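# Observations on the three-dimensional arrangement
Residue strings, one per chain:
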Amino acid sequence: MKRTWSLALLLLAACGIEPSAVEDSSEAPTGVAPGVTLYFLDEWGELRPQLRETGRLGTIAEAVGLLLTGAGHSGLRTEIAPSSVTRVVVTTTPEVVELAVPLTAGDVTPRGIDQIVCTALGVHVQSGGARTMKAQVRFVQPTPVSDVVRTCPLIR
Amino acid sequence: MSGPLWPRGLRSRLLVAFVVVTVLGAVVAAWSGAGTAGAALVASSEQRLTEALTGQIGAVTPGLAYPPDQGALERLRSAAGANTLVTYGSLRSADGVAADLVPDSLRTAVRTGNRMVTQRTTGGGEPWLLIGTPVMITAPDGARTPSGIEVYAARDLAGVEREIAGMARSAVVTAALTLPLAVLLALLAAGSVLRPVRDLRDTARRLAAGDLGARSNPRGADELADLTATVNEMAGSLQESMAALRRMQADARRFAADVSHELRTPLSTLTAVVEVLSMSADGMEPDARESAQLAITETRRLVTLVEELMEVSRFDAGTARLRVEDLDVAGAVRDCLRARGWSHRVELVAPGAVPARLDRRRVDVVVANLVGNALRHGEPPVRVVVAASGGEVLVEVTDSGPGLPEHVLPHVFDRFYKADAARTRTPDSGLGLALALENARLHGGDVEAGNRTGARGARFVLRLPRESGDR
């Protein structure tokens, strides 16, 4: 009889929430960084990352806006035409980051577009996003170049 | 399980076993269902909480200054919700119970694992889910390094526990609902099994009580029906052999009665002839006289035997009748001894008159048989004690011979039983003690055979009721 009761108690106790040991759960969150990484070109026309120590990672729009202000006196150059307006509108869908830049297709070379794409996707990856993300650069006037979905040659 | 709690009846045992099995099955099914559902509920709650925390942290980290100052930690902590602890080196920002609940093991796991970890614990009687995670720095190429910022969050699981308790309760209720159903089914099953068994028991009881015509009606075609049919067959053959046995017994008795009856007439003639022979025996030659004496003795013995056989036949046929009268048992015993010329060989001890209502002739037969037996097979002194005890009259006959051997005792009253197979030519018929017992029983009394305690010799005790009704 004693055994029957202890069995019943065991059954009832098993229905509650039991304390557990430490269990592995998932990937840790990320997103902190001492600064933002922008992509410029060296003298051979190759993409070069450059860390701007802003004290934080910031958003994609901030990073691309910063890219548009130019390379400064770092020995690197940019193939994006200087513009007084640096405001970039970012729309993120599950597969594609859409970047509406205040430029025309004529203001950038293909390498310049790579600079924009790499900077945007770099911030995306650093803030915890997937490396398979693609980017689409939309220019102010209608052009077929706006519809191309791109990846960064450095981030694959 | 053989204690006083275990029921004895087949029905109760069947009932208890059925109910226990059914309820146990229902409980196990309900409990395992509730357990699985509960575990799934806990797992999904944990996943939801960790995903929410990852989202909350990930939403603010890109805007967070690095290396963080106290203000940045406060922002991260408020973004991560209540009951959260955020540390960076020696800086910390805490809210609610998180700081008290987080054990060192969780901190170690966070520091070394670089992954989000969880642990369930109890604090203040409530279940909590502790989530610990480092905040990582991801390089543009995807390499992850710990930033040194650690977030610990405690999430209340009381709501989940209430849901699980609710499920367990409904499982218990479900299991309890099977109880009356199980009892009903068990009663039906027990009834269908036990009714034929009860019928069979009643039949067996009637058979045992002597009603050989008792039969059960077999129903269906199961094992119990087979058993019933077998019992019926057994009762049938028992009835037949009993009838055959009774027939044979009756035939044998009738034969004995007929034989003794037929022998009586020629014996009367023979007796008369022998009487004449005995009167003229004195004038014979010694050889002839011896033969004549032998013939006289054997003829008298034959007459006694036939008379006793006829008496036995009357007992067997149930035609023996008592003729009771008022008599003094002590006087009757004294008359019996005197009539047979045994007065000087037997010591009679009687307290005076012992009045009773008995059949004088039959009492005389019993006493004569017991005393004659003692005189023939025992050794003197033979002693007869008459006593009254309550509603009974006791006549005790003892001798000082070798007594009755152990193997003889059960057969002393058997007809024609001879204790010593070699001594077949004793003068008694072998019916004396059997007749004594029959006569005592006819009175409603008894004769006991045994040995004297503390002395040599056999001891026979005749018990007779003082008031014998006419039988």
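Residues numbered from 1 in each chain as written. Chains lettered and ligands numbered in written order. Predicted model: local features only at pLDDT ≥ 70, side-chain atom pairs only at ≥ 80, totals over all residues.

For the rest of this paragraph, the subject is the overall build of chain A. A count of helical and extended segments in chain A gives three helices and seven strands. Split into buried and exposed, the 156 residues of chain A put 33% on the buried side. For chain A, the proportion of contacts with a sequence separation of at least 24, taken over those separated by at least 6, is 61%. (Helix = DSSP H or I, 4+ residues; strand = E, 2+ residues; numbered from the N terminus. Buried ≥ 20, exposed ≤ 12 C-beta atoms within 10 Å, placed from the backbone. Contact = placed C-beta atoms within 7 Å.)

Along chain B, the regular secondary structure elements total ten helices and twelve strands. Of all 471 residues assigned to chain B, the portion counted as buried reaches 27%. A fraction of 62% describes how many contacts in chain B between residues 6 or more apart in sequence connect residues 24 or more apart.

All right, on to the UniProt feature "transmembrane region" (unreviewed entry) in chain B then. Taking the numbering used here, the UniProt-annotated feature "transmembrane region" (unreviewed entry) corresponds to residues 171–194 of chain B. Each end of residues 171–194 of chain B is marked by a C-alpha atom, and these two atoms are 34 Å apart; helix forms 100% of the span and strand 0%. (UniProt positions renumbered as here; feature names shortened; annotations may be inferred.)

Let us now look at the sheet that holds strand β5 (residues 144–156) of chain B. Either a parallel or an antiparallel arrangement is found when strands of a sheet pair, and the pairing is made through backbone hydrogen bonds. Within the open sheet, the six strands sit side by side as β1(A)-β3(B)-β4(B)-β5(B)-β1(B)-β2(B). Their pairing is antiparallel. Each having just a single partner strand, β1 (23–27) of chain A together with β2 (91–94) of chain B make up the two edges of the open sheet. Ignoring strand direction, the axes of neighbouring strands in this sheet form an average angle of 20°. Bridge count between strand β3 (residues 115–123) of chain B and strand β4 (residues 126–138) of chain B: seven bridges; the pairing is antiparallel. Across the sheet, Thr122 of chain B pairs through a bridge with Pro127 of chain B, a residue of β4 of chain B. (Pairing = 2+ DSSP bridges. Axes fitted to C-alpha atoms, helices over the stretch in contact; angles between N-to-C directions.)

Two numbers describe a pair of packed helices, the interaxial angle and the distance between the axes. Residue and element names in this part refer to chain B. Direction vectors running N to C along helix α6 (residues 223–279) and helix α7 (residues 286–317) enclose 150°, while the axes themselves pass 9 Å from each other. It follows that α6 is roughly antiparallel to α7 by the angle criterion. α7 is crossed by α6, and the crossing has left-handed handedness. Across the contact of α6 with α7, the residue classes tally to 16 nonpolar, six polar and three charged. (Parallel < 35°, antiparallel > 145°, perpendicular 65-115°, else oblique. Left-handed = near helix turned anticlockwise from the far one by under 90°. Nonpolar A, V, L, I, M, F, W, Y, C, P; charged D, E, K, R; others polar.)

Our next topic: the sheet that holds strand β4 (residues 89–92) of chain A. Residue and element names in this part refer to chain A. A sheet is described by the order of its strands in space; here four strands give the open sequence β4-β5-β6-β7, paired in mixed fashion. In this open sheet, the two strands that pair with only one neighbour each are β4 and β7 (149–150). Across four bridges, β4 lies against strand β5 (residues 96–100) in antiparallel orientation. Residue Thr92 lies in a different strand from β5, and its bridge partner there is Val97. Contacts from helix α3 (residues 110–126) reach β5, β6 (134–138) and β7 within the one sheet, and its direction differs from that of β6 by about 135°.

The next thing to look at is the interface of chain A and chain B. The partner chain B presents 46 residues to the 37 residues of chain A that form the contact. Only α1 (2–13), β1 and α3 of chain A provide two or more residues apiece to the side of chain A that touches chain B. Sort the elements by how many residues they give to the side of chain A that touches chain B and β1 of chain A lands first, with five residues. When its residues are assigned to classes, the side of chain A that touches chain B shows 17 nonpolar, 14 polar and six charged. Taken together, the four bridges between β1 of chain A and β3 of chain B define a ladder with antiparallel strand orientation. Note on β3 of chain B: the bridge partner recorded for Glu27 of chain A is Arg115 of chain B.

Residues and elements named next belong to chain B. Burial analysis of helix α10 (residues 432–442) places nine of its eleven residues in the buried class, which makes it a mostly covered element. Listed as buried for α10 are Gly432, Leu433, Ala434, Leu435, Ala436, Leu437, Glu438, Asn439 and Ala440. Backbone geometry just after α10 places Gly444 at a positive phi near 90°.

A few words now on the nonpolar core. By size, the foremost hydrophobic cluster in this structure holds 75 residues, and its most contacted members are Val64, Leu99, Ile116, Val117 and Ala120 of chain A together with Leu76 and Val151 of chain B. With residues near it in sequence (within four places) discarded, Val151 of chain B still touches Ile57, Leu76, Ala80, Thr84, Val86, Thr133 and Val135 of chain B. (Core = buried A, V, L, I, M, F, W, Y, C linked by C-beta atoms within 7 Å.)

Reading fine detail from the predicted coordinates is not recommended where pLDDT is low. On average, residues of chain B score 85 in pLDDT, and 95% of them reach the 70 mark or higher. Two numbers describe this predicted complex: its pTM, 0.57, and its ipTM, 0.84. (pLDDT = per-residue confidence, 0-100.)

This next bit is on the packing of helix α1 (residues 10–60) of chain B against helix α5 (residues 158–208) of chain B. Residue and element names in this part refer to chain B. At a minimum axis distance of 7 Å, the contact between α1 and α5 shows a crossing angle of 160°. Judged by the inter-axis angle, α1 sits roughly antiparallel to α5. Between α1 and α5 the crossing geometry is right-handed. Residues that form the contact of α1 with α5 fall into these classes: 29 nonpolar, six polar and two charged.

The next thing to look at is the pairing of strand β11 (residues 446–451) of chain B. Residue and element names in this part refer to chain B. Here six bridges tie β11 to strand β12 (residues 458–465), and the two strands are oriented antiparallel to one another. In the strand pairing of β12, Val447 is matched with Leu462. Where β11 folds back onto β12 in an antiparallel hairpin, the turn is made up of six residues, including Gly454, whose phi is positive at roughly 85°.

Residue and element names in this part refer to chain B. Note the cis peptide between Tyr66 and Pro67, where omega equals 0°. Examined against the element boundaries, Pro67 turns out to sit in the loop between α1 and α2 (70–79). Its identity as a non-glycine residue notwithstanding, Asn83 has a phi of 55°, on the positive side. Among the residues examined, Asn83 registers 20 C-beta atoms within 10 Å and is labelled buried. At Asn114, a residue that is not glycine, the phi angle is positive and equals roughly 55°. Here Asn114 is to be found in the loop between α4 (104–113) and β3.

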